[in-house]
Amino acid sequence: MIQAIDFKLVSCRFPVLVLLDFSMNPFLKVPIRYWFISCMGALWFAMGALDYVMISYKIPAYMETMPEDLRYWFDRRPVWFTGIWAISVWSALLGSFLLLLRRRQALRLFVLALVGFIIAALWAYLSEAANMAHMQSTITHIFNGLILFSLVYFIFFCRRYIQTGVLR
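Reading guide: rules and limits
- Residues numbered from 1 in each chain as written.
- Predicted model: local features only at pLDDT ≥ 70, side-chain atom pairs only at ≥ 80, totals over all residues.
- Heavy atoms only, no water.
- Helix = DSSP H or I, 4+ residues; strand = E, 2+ residues; numbered from the N terminus.
- Buried < 20%, exposed > 50% of the residue type's maximum accessible area, 1.4 Å probe, protein only.
- Patch = residues over 30% accessible without salt bridge, like charges linked within 9 Å, V, L, I, M, F, W, Y side chains within 5 Å.
- Areas by Shrake-Rupley, 256 points an atom, 1.4 Å probe, with all protein chains shown as cover.
- Salt bridge = Lys/Arg side-chain N within 4 Å of Asp/Glu carboxyl O.
- 1 Å grid on protein atoms, 1.4 Å probe; cavity = no way out; pocket = protein on both sides within 12 Å on 5 of 7 lines; lining within 4 Å.
- Points joined across faces, edges and corners; volume = space filled by probe spheres on them.
- Nonpolar A, V, L, I, M, F, W, Y, C, P; charged D, E, K, R; others polar.

> Is there a simple way to think about unusual backbone geometry in this case?
The general pattern is negative phi for most residues beyond glycine and trans for most peptide bonds. At Lys58, a residue that is not glycine, the phi angle is positive and equals roughly 50°. With respect to the secondary-structure elements, Lys58 resides in the loop between α2 (32–56) and α3 (60–63). Assessed through its relative accessible area of 45%, Lys58 is described here as partly exposed. Phi is positive for Arg102, close to 60°, though the residue is something other than glycine. Among the structural elements, Arg102 can be located in the loop between α5 (79–100) and α6 (106–126).

This is how it looks when you write it as structure tokens:
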């Protein structure tokens, strides 16, 4: 007969074991689609983090691919916008990593990322950047729609798997 081992009794000399929390129900079968969607989410949000890093550090090869007016706008964006954008990007990436660890705190991070995205997108569309040709392009609207959809999707994804007990 197989018995679950409770590693919560392990002393603090093994922080990795305590962090992983092996006291969950080991017989709970996690669907393959959960792992697939979580991995795809981690890759999607990692691309957003890469975009943030490339723009924030002004990597020349990356910045040269952008239209001149967009580079001008990125050079003159307010600091608070960069902060909101950073919170949104990094909380979404951390949330996707927490999904891979099956932690329910991922839900809060995705909500934080959604709020940050909405604030940043509204300011970008209502500021002087809204008059730029790049902000009016179809590809910008498609990407913003995809980002919005993915954040909302992962919020509902987290809620569903919290209810089924996969996220603990």
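> I'm lost on a nonpolar patch on the surface in this one. Help?
Together, Ile118, Leu122, Leu126, Leu148, Val152 and Phe156 make up a nonpolar patch on the protein surface, roughly 580 Å² of accessible area in all. Using a relative accessible area of 31% as the deciding quantity, one classes Val152 as partly exposed.

> Looking at this model, I keep getting lost on the layout of surface pockets. Mind explaining?
Any space left empty among the atoms is revealed by the rolling of a water-sized probe across them. Of the voids in this model, the largest pocket is the one considered here, and its volume is about 1,000 Å³. Around the largest pocket, the lining comprises 32 residues; the ones closest to its centre are Asp51, Trp85, Phe143, Asn144 and Ile147. Where the lining of the largest pocket is concerned, the elements lending two or more residues are α2, α4 (68–75), α5, α6 and α7 (138–163). Looking at the lining of the largest pocket element by element, the count peaks at 8 residues for α2. Taken together, the residues of the lining of the largest pocket sort by class into 25 nonpolar, 6 polar and 1 charged.

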